[in-house]
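# Structure assessment
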Amino acid sequence: DWADKRLCFYEEENLTPREEAYAFSNAFVIEPSLGTIELIAKGGKKVQNELRRAFCQSMLGIEVDDEDPVKPVYQLGRLLDENFTFTTQPSEHIESVRLRRIRKVPLVLTGNLEQMEFRFREDADLPSIRSTLADQLAPLGVDFDQVSVTQAGIQFAFLSDGNRKGKTMTVNVSCPNTCDLQSKPDESCTSPRR
C-alpha cells in the first residue's frame, strides 16, 4: 500500500484532494478443465511466482513449484502449407491479414547457410509468396519439408471507420512461443507508410 492524493468530488460538489492508501491490483484466472492459471500482476516473474504459489496454496490447497508454465508452441511451418489461409471473424474488424516477413532455417546441410529471411511487399498474397520461396529453395536442393519456419511478421489491416483509412499493425512471432503483440500499446496501430 502507498499513500496517494487524488482529486475527488464530495457531496457538496467541491473538488478536494483526498489522501488514501491504494493496494496494487492482481487478477487470477483459473481454468480447471485445462489445469491452467493466468496471472496479471506487476513485479515480474519473481513476484508473479510468489503470488501464484500463494494463490494455489490458499485457494486450491496445492503446492506448486517455480517452473515456468507450459506455453503454447507456434506452428509457423503451416504458413508454407498450400491449404493454409488467414481466417478472421467479422467481429474483429480486420480487412486483411498478410505475411510480411519470414525466417527459415534449413534442417539439412546446405553449405554455409544458417538461415534465410525474406521480406514481402504489402500486396503479395500467400500463393505468390509460397511460389517465390519454392523458387529460392530449389537451387539449394531444399524443399519446404527440409526447412523450419522460425519467425514470421504478420500484418493486420483493420477496416476503415469511414472517416479515414484503416490502420495496420505488424506482429512478430518467433518459435517456439514468443510474440510481441502483448508489448504493443493500442496506439501502435499506425497507418501504412507509402
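Residues numbered from 1 in each chain as written. Predicted model: local features only at pLDDT ≥ 70, side-chain atom pairs only at ≥ 80, totals over all residues. Heavy atoms only, no water.

Looking now at the overall build of the protein. Looking only at helices and strands, the protein has two helices and nine strands in total. Overall, the protein shows an N-to-C arrangement of helices and strands of β-β-β-β-α-β-β-α-β-β-β. Scored against the burial criterion, the 194 residues of the protein give a buried share of 24%. About 14,400 Å² of surface is accessible on the protein, with carbon and sulfur atoms providing 50% of the total. (Helix = DSSP H or I, 4+ residues; strand = E, 2+ residues; numbered from the N terminus. Buried < 20%, exposed > 50% of the residue type's maximum accessible area, 1.4 Å probe, protein only. Areas by Shrake-Rupley, 256 points an atom, 1.4 Å probe, with all protein chains shown as cover.)

With that settled, consider the confidence of the model for the protein. Of the residues in the protein, 86% reach a pLDDT of 70 or more, and the chain-wide mean stands at 83. Confidence drops under a pLDDT of 50 for residues 188–194, and excluding neighbours within four residues, the segment shows 15 contacts in the predicted structure. (pLDDT = per-residue confidence, 0-100. Contact = heavy atoms within 4.5 Å.)

Now for the nonpolar core. Counting residues in each nonpolar core, the largest one holds 24 residues, and the members touching the most others are Leu99, Ile102, Phe120 and Leu133. At the level of elements, strand E5 (94–106), strand E6 (116–119), helix H2 (126–137), strand E7 (147–158) and strand E8 (168–174) are the ones that each hand at least two residues to this core. Ignoring anything within four residues of it in the chain, the contact list for Phe120 reads Leu99, Arg100, Arg101, Ile102, Ile129 and Leu133. (Core = buried A, V, L, I, M, F, W, Y, C linked by side-chain atoms within 4.5 Å.)

Relative to the helices and strands, Glu50 resides in helix H1 (residues 44–60). Accessibility expressed as a relative area gives 44% for Glu50, which makes it partly exposed. Residues Glu50 and Asp65 lie 15 residues apart in sequence; the distance between their C-alpha atoms is 9.7 Å.

For the rest of this paragraph, the subject is the packing of aromatic side chains. Two measures describe an aromatic ring pair: the distance that separates the ring centres and the angle between the ring planes. All chains considered together, the criterion is met by two aromatic pairs. Ring centres of Phe28 and Phe55 lie 4.4 Å apart, and the angle between their planes is 10 degrees; this geometry places the pair in the stacked category. Taken together, the residues Phe28 in strand E3 (residues 27–31) and Phe55 in helix H1 connect sequence positions 27 residues apart. With centroids separated by 5.2 Å and ring planes inclined at 80 degrees, the aromatic side chains of Phe84 and Phe86 adopt a geometry described as edge-to-face. Look at Phe86 and you get partly exposed, because its relative accessible area is 23%. (Phe/Tyr/Trp six-rings, centres within 6.5 Å; stacked < 30°, edge-to-face > 60°.)

With 17 residues, H1 extends 23 Å from end C-alpha to end C-alpha; this agrees with the ideal 24 Å at 1.5 Å per step. Regarding H1, the residues found buried are Asn49, Leu51, Arg52, Arg53, Phe55 and Cys56. As for H1, its buried residues are in contact with E3 and strand E4 (36–40). The positive-phi residue at the C-terminal boundary of H1 is Gly61, with phi of around 70 degrees. (Expected span 1.5 Å × (residues − 1).)

Turning our eyes to something else, we now look at the pairing of E5. Sheet topology note: the E5/E7 ladder contains 11 bridges and is antiparallel. Bridge pairing links Val97 to Phe156 in E7. Taken together, the four bridges between E5 and E6 define a ladder with antiparallel strand orientation. Paired with Arg103 across the two strands is Glu117, which belongs to E6. (Pairing = 2+ DSSP bridges.)

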